[in-house]
Structures are given as structure tokens and as C-alpha cells.
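Coordinate inspection notes
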Amino acid sequence: MQKHVIIIGGGAAGFFAAINIAEQNPDLKVAILERGKEGLGKVKVSGGGRCNVTHAEFIPQELILNYPRGEKELLGPFHQFMTGDTIEWFEKRGVELKVEEDGRMFPVSNSSQTIIDCFLNEAKKHQVEVFYNHSVKSISNQNKIFQIETSNGDFFSEKVLIATGNNPKIWNLLQDFGHSISKPVPSLFTFNIKDERIKDIPGVVAKDVDVKVLETSLWSEGPLLITHWGMSAPSILKLSAFGALELAKRDYKFQIEVNFIKLPFEECLEVLKTLKQDLAKKTVFKTTQFELPKRLWHKLVFASNMNEDSRWADLNKLQLENLASQLTQAIFNVDGKSTFKEEFVTAGGVNLKEINFKTFESKYVKNLYFAGEVLNIDAVTGGFNFQNAWTGAYIVSQNISK
């Protein structure tokens, strides 16, 4: 099969690039090779099946801060194709996006199928051929022509885009072209914690906390969710992304310190001393403070050597200090992680120094391009990984279609 452009990988970046190449230059024959029986798997499950298309952050300098790996490399590309361009691209094709309170953007339909249908329709409209069940076995380049051997026959083309996401088999093939691969480690995961203070209260959310990993400079803030296994939500997921390499080194055994109320210990203690006088006759257990969820407050009260009948007036200095400590510097032992199987993101991939980020072309092999997570780029949760895919794919499409 002879094509002008072969795209390996039928995911978000692969489809986005293919559609844009074919639209910008209808003379080019464009084909996607996808190893699965259908493509766009991550698009389907992202955002709990709603597809978190992008994030409402419109300043490139701010947007890049969400990428533990790829921050400085993406600044230039984001000036070329940005969140606003993504929104416009989908709207022009009949897919309206909406912004949620936390900045995440979804299709108004609340269904990832809307995005999938858009891609499939556009691919058909612009005569992009999609070959499913085509697993790539080898890639070679002779006389400026790429030969791609698949489980279902050979393909030849002048230009190739690799958009395979986290695929160790493809990474191995790329090493034959001289590319080096940063070892993949999980990047978005929740913390496994067994602790009396969070036992039996899954589903409880502390709205805004500070979390730090002891013995490191890792720190984050945001909502914290208590789960059956431990802790999750943005404050934890951000830590897992920015700490991906460090936490892997520690084999996911480390300590975190949580400040549930974002006040310094001393300040908290002063507030508690005032409460001791103001609420003297009431029980500590029943007078939840600092807008904490009731069930969490109860757990922290018990952890401070008090019981259900302890009255504010009767608290001694040590009990007040214990409670202040539980509220502002509670230490938890993390032992292991849990990943979202469907939304699995890894740190790792093709070394960024080997890519020209003006074009997303290999510095080693002419006409070999990359987009999406096949590169050593990953982001925190919230639509940022997709924005990286759209931006890289669009810039590749502009260069190839010329």
C-alpha cells in the first residue's frame, strides 16, 4: 500500500493530525494504522466517559505549568495552537464545549461519543483511510521512503507520524532510528493508605488542603478525597504527576503531611483556645469547625485523645495541641498506589531533546514526526494531556500538508 502520509496510532493525536493534514492538503493520501479493532480508546473513557477535551486556561505561560515533563518545550507550540484554537476547531465542526467550575472542558452533550463521531465523520469526509487490526511490526527507511510492516501487510510512505501513546513495542522500534527513551513510570495515581483516621469514611472530601511529601520538595494543594484505599482527588493526583520519578524511586512507600485547614499550627492553636472559651459547655465531637466534613472532624477528634463526651471546657493543653496537630500537620504513611486503568498516564517516552518543537519532527530522521504521549510529555489531570495531543498533531499537520 502506497500512501503520502502514514499515521501510526488511531488515538486522539493520530486522528486529529490525519483530519487536519487531509483537510489542509486534499491531494495527499493519508492513512491511519491502528492495532486495535477500534481506535480512540482513551477519548472514549476520558473524564468518566464524557471526554475532558481541554482546560479553560488561555495563557500559554500558565498552561505549561500543568506539565511536569514538557513544560519548557510546549511554550512555543502553545503560541501556535492553543486552548482557544481547540474550542474553535470543534465548534466549527458542530461540537460545542462547556466549561465546568474547575476549568475542565467537556462537550455540551456530556458524552465522549460526540468527539468520536466528530472524528470518524471528518476522517470519512476528507477520505482518510483507517486500517484497524494493523499492528506495526517494523519500520525501516530506505531512499527516503518508509516501509512499515504490519500484521496485515506492508505500507510505504514518504512521511510518518508516530502517535501511539505509551507503547513499549513502538518505543523499541524507535531506538533503531537512534532515539532514546526515558523509562516509563506511572504518572497519575492515587495513594494507598491504611489509617484509622480515614477508615470507614470513603467519599468524604476536604475541599482545600495542603499536602507535602516528607523528605522532598514536593507539595500541592486542592481538594482531597478519602477513598476505600486511601486518598485521591486533585491535590493527590498533582503530587503523583510532579513526583512521578521521585515516588517511583521510593517504590511508592513514603510519608505525606496533610494540612486540612491551610492554617499554620500556631494560628490553629489560638483558634482552638478561643473555641475552648466560647463553646465551653459543648462537646468537641458535635461542634465541627473549619468547615470540615463532620465524619472527618470526628476522626481527627478521636485521634487527638478525646471521646464523644469531651467538652471544650475540659480540654487540657496537650489535647488542644494534639487537635491542632491533627488539623494542620497530620502525617500519613503511603504504601503503594492505585492507577486509573482507563485513564492511565505515564511519564516517559521519546527524549524531548531529540525533537524539533517548531515542527514536532525527529532531529535524527527526516519526515518522521511525533505527537501526543509517545513523547516524554505528561500533564496533571484536567484535559491537559489532550491539549498536548491536539497542539502537537496540529503543528505536525501544518508541516506535512505543506
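Keep in mind the model is a prediction, meaning the values are calculated, not measured. (Residues numbered from 1 in each chain as written. Predicted model: local features only at pLDDT ≥ 70, side-chain atom pairs only at ≥ 80, totals over all residues. Heavy atoms only, no water.)

On to helix 4 (residues 71–80). Among the residues of helix 4, Glu73, Leu74, Pro77 and Phe78 are the ones counted as buried. When helix 4 is viewed along its axis, its buried side chains cluster within an angular range of 125 degrees and face the same direction. Turned more than 90 degrees from where helix 4 packs its buried face, Lys72 and His79 sit exposed. Contact partners of the buried residues in helix 4: helix 3 (60–63) and helix 13 (384–401). (Buried < 20%, exposed > 50% of the residue type's maximum accessible area, 1.4 Å probe, protein only. Helix = DSSP H or I, 4+ residues; strand = E, 2+ residues; numbered from the N terminus. Arc of directions from axis to C-beta. Contact = heavy atoms within 4.5 Å.)

Pairing is antiparallel in the open sheet, where 7 strands are placed in the order 16-15-12-13-14-11-17. Because the sheet does not close on itself, it has two edges, and the strands there are strand 16 (330–335) and strand 17 (337–339). On average, adjacent strands in this sheet sit at an angle of 40 degrees to one another, irrespective of strand direction. Relative to strand 16, strand 15 (residues 253–259) runs antiparallel, the two sharing 6 bridges. Its bridge partner being in strand 16, glutamate 257 is matched across the sheet by isoleucine 331. On the sheet, helix 8 (residues 234–242) packs against strand 11 (189–192), strand 12 (205–213), strand 13 (219–226) and strand 14 (230–232) and is oriented at approximately 130 degrees with respect to strand 13. (Pairing = 2+ DSSP bridges. Axes fitted to C-alpha atoms, helices over the stretch in contact; angles between N-to-C directions.)

Under the definition given, this model contains 27 salt bridges. A salt bridge links arginine 104 to aspartate 102; the nearest nitrogen and oxygen atoms lie 2.9 Å apart. The exposure class of arginine 104 is partly exposed, given its relative accessible area of 24%. Look at aspartate 102 and you get partly exposed, because its relative accessible area is 46%. Each member of the salt-bridge network shares a partner with another, and the members are Arg50, Lys98, Glu100, Asp102 and Arg104. (Salt bridge = Lys/Arg side-chain N within 4 Å of Asp/Glu carboxyl O.)

Glancing now at the packing of aromatic side chains. Think of a pair of aromatic rings as described by two things: how far the centres are apart, and how the planes are tilted against each other in angle. Overall, the coordinates contain 23 aromatic pairs when judged by the stated rule. Ring geometry for phenylalanine 16 and phenylalanine 119: centres 6.3 Å apart, planes at 65 degrees, overall edge-to-face. Within this pair, whereas phenylalanine 16 is found in helix 1 (residues 12–24), its partner phenylalanine 119 is found in helix 6 (residues 112–125), the two being separated by 103 residues in sequence. What makes phenylalanine 16 buried here is its relative accessible area of 0%. Of the residues examined, phenylalanine 119 reaches a relative accessible area of 0% and is grouped as buried. Ring centres of phenylalanine 90 and phenylalanine 119 lie 5.9 Å apart, and the angle between their planes is 40 degrees; this geometry places the pair in the tilted category. Remark: phenylalanine 119 occurs in helix 6 and phenylalanine 90 occurs in helix 5 (residues 83–92); sequence separation between them is 29 residues. Judged by its relative accessible area of 0%, phenylalanine 90 is buried. Among the aromatic residues, ring-to-ring pairing joins Phe15, Phe16, Phe81, Trp89, Phe90, Phe119, Phe386, Trp390 and Tyr394 into one connected group. Over the face of the ring belonging to phenylalanine 332 we find arginine 197, whose NZ or CZ atom lies 4.0 Å from the ring centre. (Phe/Tyr/Trp six-rings, centres within 6.5 Å; stacked < 30°, edge-to-face > 60°. Lys NZ or Arg CZ within 6 Å of the ring centre and 35° of its normal.)

By themselves these figures say nothing about function.
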